[in-house]
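# A structural walkthrough
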Amino acid sequence: MKEVRLFTASWCKKCKESDFLEVMESAKKQNSDWNFTTWDIDELEDQDDYDGEIPTKVPTVHIVIEGQNVEILNGKEEITGNIEMTLTAY
């Protein structure tokens, strides 16, 4: 399984900016073979269905293939500039 795990937080202003959200929505539409999930880092400790490492910076994207992190993108600029190319590479 191929996953894109987007980590955000309710207090993160960059996570809510329209240009960031548009890039993520476009990536989701253009990569239907990927499972996209969004996680609020402030709620992860209380969620039994998350067993991975909790990022210390948001937004962060973990590219996960068969349960293994293969790529991590940190920060709005890195994510928006590289998400499409990264997903295409895998």
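Residues numbered from 1 in each chain as written. Predicted model: local features only at pLDDT ≥ 70, side-chain atom pairs only at ≥ 80, totals over all residues. Heavy atoms only, no water.

## Re unusual backbone geometry
Peptide bonds are, in most cases, trans, and in most cases residues other than glycine have a negative phi. For the peptide bond that leads from V58 to P59, omega is -5°, which places it in the cis range. Considering the arrangement of structural elements, one finds P59 in the loop between β2 (35-40) and β3 (60-65). The backbone of E66 sits at a positive phi, close to 50°, despite the residue not being glycine. For E66, the position within the fold is in the loop between β3 and β4 (68-74). On the basis of relative accessibility, which here comes to 61%, the residue E66 falls in the exposed class. (Helix = DSSP H or I, 4+ residues; strand = E, 2+ residues; numbered from the N terminus. Buried < 20%, exposed > 50% of the residue type's maximum accessible area, 1.4 Å probe, protein only.)

## Quick word on the pairing of β2
As paired elements, strand β1 (residues 2-8) and β2 share six bridges and run parallel to each other. Its bridge partner being in β2, L6 is matched across the sheet by T38. Between the parallel pair β1 and β2, the chain is carried across by helix α1 (residues 18-30), and the sense of this crossover is right-handed. (Pairing = 2+ DSSP bridges. Right-handed = clockwise from strand over helix to strand, strands pointing away.)

## A look at the sheet that holds β2
Spatially, four strands are ordered β2-β1-β3-β4 in an open sheet, and the strand pairing comes out mixed. Each edge of the open sheet is held by one strand with a lone partner, namely β2 and β4. Averaged over all pairs of adjacent strands, the angle between strand axes in this sheet comes to 20°, irrespective of strand direction. Across six bridges, the pairing between β1 and β3 is antiparallel. Among the inter-strand pairings, V4 is bridged to a residue of β3, identified as I63. Packing against the sheet, helix α2 (residues 76-89) makes contact with β1, β2, β3 and β4, and its axis sits at approximately 140° to β4. (Axes fitted to C-alpha atoms, helices over the stretch in contact; angles between N-to-C directions. Contact = heavy atoms within 4.5 Å.)

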